[in-house]
Amino acid sequence: MRIRATVAAVSGALALSALAVPTAQADDSRSWSADHGFTALQPAQGDQAKRASGAAAKSVKGKVTSAVVNAGKPIVLATTAKKTVSFSVTATDDSGIGGAAPFIWAGKNIDTGVGFGPNEKGFSCKVVNATTTTCKGTITLNPKELKNAHATTWKVGVWALALDGEEFQRDAASKVKVQRLSKLTANASPEPVKKGKTITVTGKLTRANWDTKKYAGYAKQPVKLQFKKKGAKSYTTVKTVKTSSTGVLKTTVKASVDGHWRYSFAGTASTPAVTSGADFLDVK
């Protein structure tokens, strides 16, 4: 979705939430939810006291103090399957916060970028004190709307609404990395094999291609060939092999004892680390 449309949806929903508050309930004891699905502030017991105790706090301008998406971890997407991740945003204003929601976006600027906003279901806010509120929920990303160039670090923007009616937006409150899902295979042959003979370990490193919506080989990448002797607890790296132009891996080693062979890729900025399944080789 174009980011401007995303921001408009976020701000519109929060604005409707504020308008839905009955005048008699527009105080610290309110508990309500708007029809559009965004759950407005629903203070638990003690929240009213928190507001009261902070009423004398020094006046501050509206600001975002925290914006975390997917617990700060990279968001990894396949070719077409949507993925839903969590978010938590905290905003503050001298009048209090009526609601705050994030939007994530990538591109040269917010006018032409691509982005995603919060889901209505499960959106909720909790008063922290007289000036501060934390809102939580989820964002769903759809790789069908992305291109390979979007595998990069995205900005996390936040739109918030203060109780005095002030709206404020931060286009880059924090960051989150979005990556293309990777896959890796390994096969050791022939099997069984005589001790001292040469074996060939093949495999392939692929990753999601958001341009074609298929998986494609990841070319010229260093991948570690690792071995674990039968009965051992950990793997050791035997050598590093580079993938071909189509992502294929192929190398030879001498077989000495029974054990498990696998490939391990450390990852790049656009692609997460991945380790293949292990292939057991019986040495006679």
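Structure's up top.
**Focus on the nonpolar core**
Residues Val-69, Ile-75, Ile-104, Leu-141 and Trp-154 are the most contacted members of the largest nonpolar core, which totals 32 residues. Of all elements in the fold, only strand S1 (63-69), strand S2 (75-77), strand S3 (83-92), strand S4 (97-106), strand S5 (114-116), strand S7 (132-141), strand S8 (153-162) and strand S9 (167-180) reach the threshold of two or more residues within this core. No other element matches the 5 residues that S4 contributes to this core. Not counting residues up to four positions away in its chain, the partners in contact with Val-69 are Ile-75, Val-85, Ser-86, Phe-87, Ile-104, Val-156 and Val-176. Counting 21 residues, the second largest nonpolar core, distinct from the first, contains Ala-188, Val-193, Leu-205 and Leu-249.

**Quick word on the sheet that holds S2**
In spatial order, the strands read S2-S9-S8-S4-S5; together these 5 strands make up an open sheet with mixed pairing. Each edge of the open sheet carries a strand with a single partner, namely S2 and S5. Across the sheet, the mean angle separating the axes of adjacent strands is 35° when strand polarity is ignored.

**Here we look at a negative patch on the surface**
Among the surface-exposed residues, Asp-94, Asp-164, Glu-166 and Glu-167 lie close enough to one another that they form a single negatively charged patch. Position of Asp-164 relative to the elements: it lies in the loop between S8 and S9. Asp-164 gets classed as partly exposed once you look at its relative accessible area, which sits at 48%.

**Considering the packing of aromatic side chains**
For the coordinates displayed, the defined rule picks out 4 aromatic pairs. Consider the rings of Tyr-218 and Phe-265, whose centres lie 5.8 Å apart with planes at 80°: the pair is edge-to-face. Here Tyr-218, found in the loop between strand S12 (214-217) and strand S13 (222-229), pairs with Phe-265, found in strand S16 (residues 259-265); they are 47 residues apart in sequence, far enough to count as distant. With a centroid separation of 4.5 Å and an interplanar angle of 45°, the aromatic rings of Phe-227 and Trp-261 are classed as tilted. With Phe-227 in strand S13 and Trp-261 in strand S16, this pair connects stretches of sequence that are 34 residues apart. The residues Phe-227 and Trp-261 share a single accessibility class, namely buried.

**Remarks on the pairing of S9**
Two elements, S2 and S9, share 3 bridges in a ladder whose sense is parallel. Paired with Val-76 across the strands is Gln-179, a residue of S9. Direction of pairing for S8 relative to S9: antiparallel, over a ladder of 8 bridges. Bridge pairing in S9 places Lys-155 opposite Lys-175. Between S8 and S9, which pair antiparallel one after the other, the connecting turn spans 4 residues, and Gly-165 there sits at a positive phi close to 95°.

**So, the environment of Ser-66**
Here Ser-66 shows up in strand S1. For Ser-66, a relative accessible area of 29% puts it in the partly exposed group. In this structure, the C-alpha to C-alpha distance between Ser-66 and Val-89, residues 23 residues apart in sequence, is 5.4 Å. Beyond its immediate stretch of four places on either side in the chain, Ser-66 contacts Ser-88, Val-89 and Thr-90.

The rules we used
- Residues numbered from 1 in each chain as written.
- Predicted model: local features only at pLDDT ≥ 70, side-chain atom pairs only at ≥ 80, totals over all residues.
- Heavy atoms only, no water.
- Core = buried A, V, L, I, M, F, W, Y, C linked by side-chain atoms within 4.5 Å.
- Buried < 20%, exposed > 50% of the residue type's maximum accessible area, 1.4 Å probe, protein only.
- Helix = DSSP H or I, 4+ residues; strand = E, 2+ residues; numbered from the N terminus.
- Contact = heavy atoms within 4.5 Å.
- Pairing = 2+ DSSP bridges.
- Axes fitted to C-alpha atoms, helices over the stretch in contact; angles between N-to-C directions.
- Patch = residues over 30% accessible without salt bridge, like charges linked within 9 Å, V, L, I, M, F, W, Y side chains within 5 Å.
- Areas by Shrake-Rupley, 256 points an atom, 1.4 Å probe, with all protein chains shown as cover.
- Salt bridge = Lys/Arg side-chain N within 4 Å of Asp/Glu carboxyl O.
- Lys, Arg positive; Asp, Glu negative; His and termini not counted.
- Charge placed at Lys NZ, Arg CZ, Asp CG, Glu CD.
- Phe/Tyr/Trp six-rings, centres within 6.5 Å; stacked < 30°, edge-to-face > 60°.

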